[in-house]
Every structure is written in structure tokens, then in C-alpha cells.
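Overview (structure and organization)
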Amino acid sequence: MSAASQGHDAALAASSSKRPLGILAALPQELGDLIEAMRAESGVRTVTHGRRDYHVGTVHGAPCVVTLARVGKVAAAATVSALIHAFDVESVVFTGVAGGVGAEVRVGDIVVANALLQHDLDASPLFPRFEVPLLGMSRFTADATLAAQLAAACERFVAEEGAASAARFGTMRPRVHRGLIISGDQFVASAAGVKALREALPDALAVEMEGAAIAQVCHEYGVPCAVVRTISDTADDHAPASFVSFLTEIAGAYSNAILTRFLVARSAG
Ligand code: SAH
């Protein structure tokens, strides 16, 4: 056997003994071509648990389990629990779209969470508003290293393809924001609704329906997690139309661009 092929075998053995990364989104459009890329690179083994399909293989050199959580906090919590129990994922990344809440956050921008909070959780006056009862926490921090790697992948995408992406999709040149993402079991789609969120949580950048549930479960199991969201709408009266057109036309392209860069850097490191 040649030294080169011995090296290749050793690299394969090392990569297959690595615990996988869990990658999830709520809706199929938010995963882009990730499962097709896995099929082409390593083949895909699909395992079904709790009515969800978990796709196991290697993408851009990184061992991954890729799945769809579907919509809402319960769906997200159930799915990430299975990723932890059945697949022993080393860490978790959620990718998807969200409504912009921060004044500077526009459609086409990207938000990487530093922290996540459930904006619809309220057991007051027994516990402070937003606090998860008996856990004593309202804000769950994303893993600093994973979030920084994800943000770096987003910055590279914007530097390399931001202008072309803006021209192609008719959006502004994307910007990358880092900060608080809030989650709840509502699609926020009114000026009054988004104003109330801004008043209650002035540092919130984006609103969605899964991230903080994933962050809570990952916190409880000690699994690092990070969340990246592309802004599909601004959670106001235009949100339904803006969400649908962004999801069908743009979300997949963003996801491909960000995840490819993130996974390539991860498997090189
Ligand atoms: N039936 C719709 C459900 C979409 S719900 C469909 O399948 O097309 C909206 C999804 O996008 C959720 O997963 C949520 O995380 C995210 N999202 C985008 N904009 C949002 C907003 N303004 N408010 C809440 N969630 C939003």
C-alpha cells in the first residue's frame, strides 16, 4: 500500500470516529441542497424516529446528521433530543429564516445568535416573565466558538457573494448581525406584534419559532449549539408575503452558501 493511500485510510478512520455534527432546520427549503450534497459525497443512511427522518453521512468532509424539525418549539425540542440521544451529536447547528425585529435588521440580512430566549414563556407572577420555571434562566447562550465559526462563514459569504446575491434577489447587500434571537409559538405578522416584542425585549434582533427551544435542550444536556437565521420578513403586516417569497426563492441559496463555508472550515480545522 502506498504512503498516500495509507494516509487517506488514516484520515477516513479519523473522520468516521468523530462524533457527528447535528444540522437542523424547520422547513426543507431552509436546508438548501445539503442532503443532496451528502448523498453525492458519502451516500446517506436515513433513520426514522418520531416521524422524522435523520440523514447520516459526510458533507464537505464533516460527519453530520441532517434533519428537519418542522415548525415550533415542541417540534424543535423533540428533534434535538433525538439528535442527542440516538446519534450522540457532538454539537448542533440550526439554520433557517426569521423575522427581523432589531431596527437595523433588514430582509436579506443574517443574524447569528449569541443568546436565545422564549418570548412567549410567562409564568409570572410565580416566576419572572421569560424565565424557564425551575431552571431559573431566561437567556440561553450559544456556544461561543461555534457561533464565531458560523459568523465567520457568514462574513465570508457576504464578502465573496454579497453583492451578487443582492443583485440576484433584489435585496440590499446582506449584513451579518450577532445578538439575541427570540422564539415563540407564533408567526409574528403585525406592526403591533413586532412593536410589543421590541418594547419588551429592546435588544432582540430576530424572531422565529424554534431556536430558544433548541438552546434550552442543548444547555440541559451540555451540548454546544449555534443558530443562524436569514431575515425573510420584518414580522409586520407584510410578513406572510415576504416570508413565502423569501423561503421559496432565496432561503436555500443562503443556506448553501453559509453551510458550505462553515463545514469546509470545520473539516479543515
Ligand atoms: N406553514 C408555514 C409555516 C411557516 S412558520 C410553511 O410551512 O410555510 C414560519 C417559519 O419561519 C418558522 O419555522 C419560524 O422559525 C420562521 N419565521 C420566519 N419569519 C417569522 C416571523 N415573522 N415570526 C415567527 N417565525 C418566523
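All chains use their own residue numbering, which begins from 1 and follows the written sequence. This being a predicted model, a pLDDT of at least 70 is required before a residue's local features are given, and a value of 80 or more before pairs of side-chain atoms are given or counted; all residues contribute to the totals for chains, interfaces and linings. In computing side-chain properties, one takes all heavy atoms of the structure into account and sets aside hydrogens as well as water.

Categorising residues by exposure relies on relative accessible area from a 1.4 Å probe, with only protein chains included: less than 20% of the type maximum marks a residue as buried, more than 50% marks it as exposed, and the intermediate range marks it as partly exposed. Every helix listed is a DSSP run of H or I at least four residues long, and every strand listed is a run of E at least two residues long, numbered separately from the N terminus. Most of strand 9 (residues 204-208) is tucked away, with five of its five residues classed as buried. Of the strand pairs in this sheet, strand 5 (residues 91-100) and strand 9 are connected by two bridges, and their pairing is antiparallel. Bridging from a neighbouring strand, Gly-99 pairs with Val-207 of strand 9. Bridge analysis of strand 8 (residues 176-183) against strand 9 gives four bridges, and the strand direction is parallel. Its bridge partner lying in strand 9, Ile-182 is registered against Val-207. Here, strands pair whenever DSSP counts at least two bridges between them.

If you add up the space inside the largest pocket, you get close to 210 Å³. Of the two site types, the cavity is a set of points on a 1 Å grid over the protein atoms alone where a 1.4 Å probe fits but cannot get out, and the pocket is an open set with protein on both sides within 12 Å along at least five of seven lines, each lined by residues with an atom within 4 Å of a point. What lines the largest pocket is a set of 18 residues, and nearest its centre among them are Val-97, Phe-187, Glu-208, Met-209 and Phe-243. Only strand 5, strand 9 and strand 10 (225-233) provide two or more residues apiece to the lining of the largest pocket. Polar here means any residue other than Ala, Val, Leu, Ile, Met, Phe, Trp, Tyr, Cys and Pro, which are nonpolar, and Asp, Glu, Lys and Arg, which are charged; Gly is therefore polar. Along the lines of polarity and charge, the residues of the lining of the largest pocket split into 10 nonpolar, three polar and five charged. Grid points are joined across faces, edges and corners, and a volume is the space filled by probe spheres set on the points.

Centres within 6.5 Å are what make two rings of Phe, Tyr or Trp a pair, Trp counting through its six-membered ring; a difference in plane orientation under 30 degrees is then read as stacked, over 60 as edge-to-face, and the rest as tilted. Going through the model one piece at a time under the given rule, you end up with four aromatic pairs. When the ring of Phe-157 is compared with that of Tyr-254, the centres are 5.2 Å apart and the planes differ by 70°; the resulting orientation is edge-to-face. Remark: Tyr-254 occurs in helix 8 (residues 251-268) and Phe-157 occurs in helix 4 (residues 144-169); sequence separation between them is 97 residues. For the pair shown, Phe-157 and Tyr-254 are each scored as buried. Residues Phe-246 and Tyr-254 carry aromatic rings whose centres are separated by 5.8 Å and whose planes lie at 50° to one another, so their mutual orientation is tilted. Across this residue pair, the class does not change: Phe-246 and Tyr-254 are buried. An aromatic cluster of at least three residues, connected via ring pairs, comprises Phe-157, Phe-246 and Tyr-254.

A separate point is the side chain of His-177. Assignment of secondary structure puts His-177 in strand 8. With a relative accessible area of 14%, His-177 lands in the buried category. The term polar contact refers here to a pair of N or O atoms within 3.5 Å; inside protein, the definition further demands a hydrogen-donor-capable atom paired with an acceptor-capable atom, and it admits residues adjacent in sequence only when both atoms are side-chain atoms. In this structure the side chain of His-177 is engaged in a polar contact, spanning 2.8 Å, whose partner is the side chain of Asp-109. Every residue in contact with His-177, bar those within four places of it in the chain, is listed here: Glu-104, Val-105, Asp-109, Ile-110, Val-111, Val-112 and Leu-205. It only takes one pair of heavy atoms within 4.5 Å for two residues to be counted as in contact.

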